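Working through the structure, step by step
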Amino acid sequence: MSDQCIFCKIINRQIPSDILHEDELVVAFRDINAQAPVHLLIVPRIHIPNLNELLPEHSAILGHIHLAAKSLANESGLAETGWRLVINCGPDACQSVLHLHVHLLGGRQMSGRMA
Ligand code: 5GP
Ligand code: ZN
């Protein structure tokens, strides 16, 4: 928990959000400014600022996030049409919230360009 972190506050129910999934390692909720019909954020419960701070002991969390993404994509009806995961890390990637998060995007044809 980081006192000023908005995602820690969402995880701890100090501010509201549309939470779709939570378990012992991760929480998933709708992005407040959706860029696709389905735009979810999957975050670890523990405060890891970004991938620069990733440690070997976090590997289970990263694996778990991907399994949660697969389930959420399936529940959101995206398994056939496709979906995209994005992790922004640092200023050049426009990371705006310093709590590691994976964007799950789908529900429309994405751009073929990634950057
Ligand atoms: P980033 O740019 O750091 O990769 O992504 C941060 C994401 O968090 C953005 O897509 C932004 O819309 C979302 N976001 C920022 N503040 C809130 C919030 O208070 N609630 C929710 N649900 N999403 C937020
Ligand atoms: Zn945090």
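Attention here is on the structure that accompanies the text.

**So, a nonpolar patch on the surface**
- Together, Leu 51, Leu 54 and Ile 87 give the surface a local cluster of nonpolar side chains, amounting to about 190 Å² of exposed area.
- Within the secondary structure layout, Ile 87 lies in the loop between β4 (83-86) and β5 (102-106).

**A look at unusual backbone geometry**
- In this structure, Arg 13 takes a positive phi of about 60° despite not being glycine.
- Here Arg 13 shows up in the loop between α1 (6-11) and β1 (19-22).
- Positive phi outside glycine occurs at Cys 94, with the angle close to 65°.
- Turning to its location among the elements, Cys 94 is positioned in the loop between β4 and β5.
- The exposure class of Cys 94 is exposed, given its relative accessible area of 63%.

**Section: the site of ligand 1**
- For ligand 1, the set of nearby residues contains 16 residues, the closest of which are Arg 30, Asp 31, Asn 88, Ser 96 and His 103.
- Val 97 places a polar main-chain atom, nitrogen or oxygen, 3.0 Å from an oxygen atom of ligand 1.
- Here His 101 contributes a side-chain N or O atom positioned 2.9 Å from an oxygen atom of ligand 1.
- Alone, ligand 1 offers 520 Å² of accessible surface; in the complex the protein occludes 84% of this.
- Residue assignment for the shell around ligand 1 shows that the elements contributing at least two residues are α1 and β2 (26-30).
- Looking at which element gives the most residues to the shell around ligand 1, the answer is α1, with three residues.
- A breakdown of the residues in the shell around ligand 1 according to their chemical character gives eight nonpolar, six polar and two charged.

**What to know about the nonpolar core**
- In terms of nonpolar packing, the biggest core is built from 17 residues, with Ile 42, Ile 65, Leu 72 and Leu 104 touching the most fellow members.
- When residues of this core are traced back to their parent elements, those giving at least two are β2, β3 (38-44), α2 (59-75) and β5.
- Per-element accounting of this core gives the leading share, seven residues, to α2.

**Description of the coordination of the zinc ion (ligand 2)**
- Taken together, the protein ligands of the zinc ion (ligand 2) are Cys 5 (SG), Cys 8 (SG), His 47 (ND1) and His 99 (ND1), with distances of 2.1 to 2.3 Å.
- Here the donor residues of the zinc ion (ligand 2) share one chain and are spaced in sequence as C-x2-C-x38-H-x51-H. Of the two residues, Cys 8 sits in helix α1 while His 47 sits in the loop between β3 and α2, which places them 39 residues apart along the sequence.
- By relative accessible area, His 47 is classed as partly exposed at 25%.

What counts and how
- Each residue is numbered by its place in its chain's sequence as written, counting from 1.
- Chain letters and ligand numbers both follow the written order, the letters beginning at A and the numbers at 1.
- Owing to the predicted nature of the model, reporting of local features is limited to residues with pLDDT of at least 70; listing and counting of side-chain atom pairs is limited to 80 or more, with chain, interface and lining totals taken over all residues.
- Just so you know, side-chain values use all the structure's heavy atoms and leave hydrogens and water out.
- Without a salt bridge and with relative accessible area above 30%, a residue can belong to a patch; like charges are then joined within 9 Å and nonpolar side chains (Val, Leu, Ile, Met, Phe, Trp, Tyr) within 5 Å.
- Computed with the Shrake-Rupley method and a 1.4 Å probe, the accessible areas treat only the protein chains shown as cover for residues.
- A carboxyl oxygen of Asp or Glu within 4 Å of a side-chain nitrogen of Lys or Arg is what we treat as a salt bridge.
- Working definition: helices are DSSP H or I runs of at least four residues, strands are E runs of at least two. Numbering for both runs from the N terminus.
- Per-residue accessibility, obtained with a 1.4 Å probe over protein chains only, is compared with the maximum for each type, and a residue is labelled buried under 20%, exposed over 50%, and partly exposed between these values.
- By convention in these notes, a residue is near a molecule or strand provided one of its non-hydrogen atoms lies within 4 Å of it.
- In protein, a polar contact requires one atom able to donate a hydrogen and another able to accept it; more generally it is a pair of N or O atoms within 3.5 Å, and residues adjacent in sequence count only if both atoms are side-chain atoms.
- Gly counts as polar in this scheme, as do all residues outside two lists: the nonpolar Ala, Val, Leu, Ile, Met, Phe, Trp, Tyr, Cys and Pro, and the charged Asp, Glu, Lys and Arg.
- Within this scheme, the nonpolar core is defined by two criteria: the residues are buried Ala, Val, Leu, Ile, Met, Phe, Trp, Tyr or Cys, and they are joined through side-chain atoms within 4.5 Å.
- A donor here means any N, O or S atom no more than 2.8 Å from the metal (3.2 Å for Na, K and Ca); water is not included, so a site may seem to lack partners.

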